[in-house]
Every structure is written in C-alpha cells, then in structure tokens.
Amino acid sequence: MFKKLKLKTKIIFSIFVSAVILSILTAAGVYFYLGNTLVNEKLKETDKLITEQVHESRQILDKNEVFVKTIATQEYVKEYLQNPDEKKRLAVLKIFSDYASTDPKYLSLYLLNTKGIALLSTDPSFVGQDYSFRVYYTEGMAGRPSVDLLLGKMTNRFGYFFSHPVFDEKGKVLGIFVVKITGDEINSAIVESEIGRINTVMLVDKYGVVIASNRPERFLKSLGTLTIEEKRELQVSKKFLNTEIVPLQYGEVQKALRTGTSTLIMRVVDVEDNDTEIIHVDKIEDSPFYLVTEIRLGIVNNTVLHILAILLGFMLFGIVLSTAINYWLLSTALSPLKRFKEFAEGISSGDFSKTIDLKTDDELMDVAKTLNGMSKNLKDLYENLGARVEEQTQEIRKKAKDLNDQKVAILNILEDVEKEKRQSEALANDLEKFKQAVENASDQIVIADAEGTVVYGNKILEKITGYTPEEAIGKKAGTLWKKPMPPEYYAHLWNTIKVQKKTFIGEIENKRKNGEIYTAVISISPIFNKQGDIVYFVALERDITKEKEIDKAKTEFVSLASHQLRTPLSAINWYTEMLLSGDAGKITKEQKKFLEEVYRGNQRMVDLVNALLNVSRLDLGTFIIEPTSTDVAGLIQSVLGELRFEIKKRKLSVSTSFGTLPNPFLADQKLFRMVIQNLLSNAVKYTSTKGTVTIVVDTHSKGDALGERFLDEDSLVVSVTDSGIGIPVGEQDKIFSKLFRATNARESETEGTGLGLYMVKSIIDESGGKVWFISEEKKGSTFYVALSVDGMKKKEGSKKLD
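Residues numbered from 1 in each chain as written. Predicted model: local features only at pLDDT ≥ 70, side-chain atom pairs only at ≥ 80, totals over all residues. Heavy atoms only, no water.

### Side note on the pairing of strand β21 (residues 692-700)
As a general feature of sheets, a regular strand has side chains that alternate between the two faces. Across six bridges, the pairing between strand β19 (residues 653-658) and β21 is parallel. Note on β21: the bridge partner recorded for Ser 653 is Thr 692. As paired elements, β21 and strand β24 (residues 715-722) share eight bridges and run antiparallel to each other. Along β24, the bridge assignment pairs Asp 698 with Val 717. (Pairing = 2+ DSSP bridges. Helix = DSSP H or I, 4+ residues; strand = E, 2+ residues; numbered from the N terminus.)

### As for the environment of Glu 277
Inspection of the secondary structure puts Glu 277 in strand β11 (residues 275-283). Under the relative-accessibility criterion, Glu 277 is labelled buried at 0%. Considered as a pair, Glu 277 and Arg 267 are ten residues apart in the sequence and their alpha carbons are 5.8 Å apart. (Buried < 20%, exposed > 50% of the residue type's maximum accessible area, 1.4 Å probe, protein only.)

### What about the sheet that holds β19?
Read from one edge of the open sheet, five strands run β19-β21-β24-β26-β25, paired in mixed fashion. In the strand order of this sheet, the two ends are held by β19 and β25 (770-776), each with one partner. Averaged over all pairs of adjacent strands, the angle between strand axes in this sheet comes to 10°, irrespective of strand direction. Relative to strand β26 (residues 780-788), β24 runs antiparallel, the two being bridged by eight bridges. Looking at the pairing, Asp 722 lines up with Ser 781 of β26. In this fold helix α19 (residues 632-642) packs onto β19, β21 and β24, with an angle of close to 170° to the strand it touches most, β19. Sitting on the sheet, helix α21 (residues 669-685) is in contact with β21, β24 and β26, with an inclination near 25° to β24. (Axes fitted to C-alpha atoms, helices over the stretch in contact; angles between N-to-C directions. Contact = heavy atoms within 4.5 Å.)

### Side note on the packing of aromatic side chains
The way to describe two aromatic rings as a pair is by their centre distance and the angle between their planes. In total, this model carries 16 aromatic pairs according to the counting rule given. When the centroid spacing of 5.1 Å and the interplanar angle of 80° are considered together, the rings of Phe 67 and Tyr 99 count as edge-to-face. Of this pair, Phe 67 sits in helix α1 (residues 7-72) while Tyr 99 sits in helix α3 (residues 86-102), and the two are 32 residues apart along the sequence. With a relative accessible area of 14%, Phe 67 lands in the buried category. On the numbers, 6.0 Å between centres and 50° between planes, the contact of Phe 126 with Tyr 131 is tilted. Classification of Phe 126 by relative accessible area gives buried; the value is 3%. Residue Tyr 131 is classed as buried on the basis of its relative accessible area of 2%. We note Lys 283 situated over the ring of Tyr 290; from NZ or CZ to the ring centre the distance is 5.8 Å. The aromatic ring of Phe 736 is capped on one face by Lys 761, whose charged end is 5.8 Å from the ring centroid. (Phe/Tyr/Trp six-rings, centres within 6.5 Å; stacked < 30°, edge-to-face > 60°. Lys NZ or Arg CZ within 6 Å of the ring centre and 35° of its normal.)

Shown next as structure tokens:
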C-alpha cells in the first residue's frame, strides 16, 4: 500500500512517523531521567534529614542518660544504700522530689535495692513494689545503664525509663536508680521533625515495635510478626503488660533488625497505601531504638508524569504544525515534476521535440536544461544509432574486460603490499620500544636457551655481576656468577621451571666477577613455542645486598634498644606496684587511679618492647627452636582460658574440635603457644559482639585441599575461623608484613603493634610449616597453620623468644 502512494505523501508520512518515534524515545528518556534524578534528589535530601534527626534523638537520650548517671554517682545515694536510715531516706527523697517538681517531664524518680524492691520514689505507689522482672533491673545488676519505653506497672502509662547502677568504691552494685520521663520530648522530636512532615516516620525498639510515629494508628504495632522467643521475652519483661502487638507488613525490615544492622535501605511495595516506598532504617547510635522512615515515591512519579504530559502535548502540537508546513512546502517544490513526467513520456514514445521550460532558478531548472540537451543529443544519436552501436559494442566489451582484470590484479597487489608495510612498521616500532625498555631496565634481565646457555643480557648485567653481556653470551650463567647454594635450592628451582613449567621466584646469593658475594631476588620464567615446549628462560635479578645490610642494621638496633628499654620499664613497674600496694605510704583514690593508668600504660610498653625484641631475634635468626612432646588440645584450651574475660565481655560463641592428633607431637611449646595466642587473640579482638570463633585441629594427608591450598606433606593443621571484620582484598598481601595493620583493624581497635602475624609467619616458616588464610571483608577470616606430623624442626640459636 505504501508503494502506491504519491511521492509527496510518502515524504510527509515518513516525516510524521519519524517525528512520532523521536517523540516517544524522547519522552521515554525524559521519564527515566527525571524519575531517577528526582528519586535520587529526594533520597539525598531525606538522608540528610534522617542523619540530623538521628543525631538530635541521640542528643535527647544523652541528656537524660547524663542526668541519671549524675544522680546515680552522687555520694548521698551511695551512703543511703550502704547505711540506710530514715533521715537519709527523707533527704534523698527531697532531692528527687525537687527534680520532679522542677521539670514536669520527670514522671517519677525511684531507687531499687539489689532485689529489685523500690526503696523510695517520688510516686509513693512505687514504694515496696517488686521490679525485678524489668529489663532495667537485670541490666543494672549486670553493671550496665539502660533506656527503654515501657508501660508503667502502677500507672498504666507509657514512659521512657532511664536507669543506672549505683556502685560502691570497689565497683559492686548497691542498687539501681531509675527515672521515668514522658515521651513528649522524644516523640515530638520525631513526629514534628522536618522529615516527619513529608514522610512516615516511626521510632521502633529492638523487637521492631513502633513506640512513636507521626501516624498514630501504628503505635504499639510491630513491623512484622514477632517470633515465639520475642513474644516470650516481652511477656516475661512485661514491657507492654498485656497489650496485644499487631504486626504490620514490614516483615523483611524486622528480620534485618534481628541481625543487629545499623543502617538499611530497601524498596518495598506498600499494599495498604498502594504505593512504592523506600524504607530507610537507621539505628540511633548505641541506643536500643531505630528510626524507620517510609519515603513514598508515588509523589515523584506523579510529578514526572505531569511534566511528561506537558512535554508530549507540546511535541504533538509541534508534529502537527510541522507536518502541515512540510506538506505545503513539498506541494510547492514538487509541482514541476508534472512537466518532467510529460517530457519523459514524450521521449519514451520517440518524440524528441519536447522541452521543459522552467523559471525556478533552482536545481530542478538545471536538471531541465540538462534533459533538454539530452533530448537533442538523443535525437542525433537515434538517427545514427544502429551502425555506431554495433561498431563500438565489441571494442568496448573487450577493453572493459581487460581493464577490469587489470584493476582487480593491481588492487590485490596494492592491498597486500600496504598490509605488509603496516605490519612491518608496527613490528619494528614495538621491537625498538621493547629493546630500549629492556636495555635500560634497572633490574638485570638475562635470556637463556632451554639448556641454560645465555643468549642475551642487558646493560645492568655488568654493574651487578661484573661480566659484560659479550662475556656472558654463549656461556651458562651458573658457571659465571653462581655461588654454591644448598642442593635442595637448585633442585627446587629446576623442578619449578623445567618440570612444573612455572615461574620460580626466590632469594639467592651469587658471586660477582671479582669474587664478591651479593644477595639478589630472582624470577625465572619459561618461554614456550606453539607446541608447548620450552625454548627459552627469562631471568630477572635485582641486587638487594644493601637493603639486606640496612635491614640487618635496623634489626640489630631494635634488639639493642629493646634490651636497653627493658631495665627502666621494669623499674617503673616495680616502683608503681610498690606505690599501689602502699609500701610508700597511703595514697588517695585519685592518686591510685592515676598510678593504675601509669601501670597499665607501662605494661603495654613492656609488651611492645618484648614484641620488638622477639621480632629482632626472628629477623636475625638467632632464636632457638626446642621441640618437645606437646599436648596440643590442652595448650589451646589453656590459651582460651586466658582469653575467657574478653570472650565473655564480647558475648562470643567459641567452639573447638579436636580430631585425630599425632601422639606424640613434637613442638616448641613456648613458640607454638605464641602462634596460637596471636591467632586466637586476633579472632576475639576483631569479632563483634555475639559473634563466633571456631578452632579446628586435625591431621590431614598430603594432597588434601584446605583454604584454597593443597598440602605438600602429611600435616597437623590448626584452623581458627571468626565472623569478624575480615581483611580488605587490597590489603591481604600485606597482612604478614612487619608493623602492618589493616585499615578496618585500625578503625576497630586502636591498640595494636602490627607484629603478631609477622611473628606467627616467621616462627612457622622457621619450623618448616606453612601459614595462610582466606578472608572476606565484613564476613570473617580463617587462618590455617600446617606443621609436619613429625613436628616442628629443631633449630640451634643463641636466644629464646620471650
């Protein structure tokens, strides 16, 4: 049907369709761009408001926590709990009542004894009541302050309960001070906030129960369905007494809260509001509350659709107007085509007398003149056409064939020549660049054939070995600058590059032409032909003699300095202990506090000096390894016993598994203990609260795969797995370096020397073992230590590690 249309109609139709398609594509692009831009802007604005709101909420909580702590640490409260009498009770009650009357937000101030009984309160109905079922009582008896929203037992009113334990001089809990305040200050900060005016905001507790919201109908509803354990905990703590907690539709958000997440952003479909929302969850720092914000995207979509409707309206008007104008222009411009048609029909019928008369002064007029001339020439040709055509046809055909054959041949030759020229020039340039780079490299580069005969050496060869490239070429490198190394070294080297056909990297001692011994790092790689056979070896060598000498001098200085520091540090420890024990006279509480800080700081310095001294002995190779029969399981349990306080403090779950162990297993107990202590202390230190640590000890056979590696001998393997912070991928190759600590480790724990894992690797390497790890940031790590089932290798030396 389209083919039957007139040219003018085809052109107009094509313009119209093109304009419609362009408009649709433009509208789609605008829709997605505006949608993403407006959503991103709204998220940025909301995120800023949420951050401000979280900070403001934390400040409100901090202000009340500081008030509770201030009262709980007052001497008159301690004295009353230690030696209660009526006079003290009235005095304390008056102070509490003064605070309550000064600020109406304080609903009640009361004091519990260690059994949870209210001894005194600004609300007389509280006195004598048993509050031992409350969370703030159990937290207080554990020595921790707490804050929570609860339904009052006596008043049946909601309020925020802030509590703090009252300690005696020895840190023993004497009682718990509790303040119940109205929720107006905290709730108003949430409900009447800037973010609350444009979004749905909810303040929820750790169970996901809404305790404040700018949508009152959500108060005391849980984000999702509570688990049986959560319901039981709420029933036992009587947090909301007998109030029934009805779930909302945000079960996925509630699941995330159970994992202890601090920040969460997810997109959900709100069935109730029939709208797409982004849920922003932010923990109010170290409090048990979360700020949950619903960001509705329906408003953004409506705005985009409104803008898009206006844009499409203008586009439609433009398309219609443009089509009308183009139609008129084409009608005017193509009107001479009718005369061309009449002219063509006359020529086709043999009438060469027709001409086209145009006065348009455009391209059509030029075409008309050309066609008029063509008509005249055709008339002449037509009269003599027969003879001339027959005469020239044969000649033209012959010449055309010859020319075409020659053209094809020449083009093929030129194409081949040009291709070869480009390839040769590129190869020459690449070879020249490569030659210059190799010749001027700072490391020695030697190329040898498959039998080890030198075929090339760069300029630095003479500076390192004393031999010029000309002297080295044609000879085997081993006969020139090799210093005898242990046979095992060369056996391992040739096995790596010739049998395994892999790159060998190692440290070696060689001999210069003048007989001088130097230390170098070498890398030897095999080069293969297309059949996979070795044709060359490329060896890179870097002289590290000066670096080794400097490193040795530094190590000796650290050893000397560590020795010198131990004496004054020991004296400081001794005198500090004397002062703390009262040998130099009675000291005040504040003096005792300062002396304890001095003692702890000095002890950390002693530990650091001992670590530095051990590292220097490891670096100098002067330490002794004396293997004896060792109870591996008992040693590990002993180290865990030393860490039990830190494990309990962090509420970690620690599990051990002991398989079939060699009996006896020979190990230097002091060094092996040092390895286990460093691995376990790191696992505990860098695992967050309620995390897991797993120790597995078992015997494995040669070829077994563990931690992405294969064992090269029958081994006793100790693995330590944690669910901690993990090691960033970009820093994993440095983890065994001296004084190195990963970025996230420095942020998580400010204290640390960066020497522990360095000592672990040095001890295991010297003992003939292997140590490695696998790790994923924010998910945890597993460290493996593998020692031969025959035990640690004995080593002679002059010093033992401390």
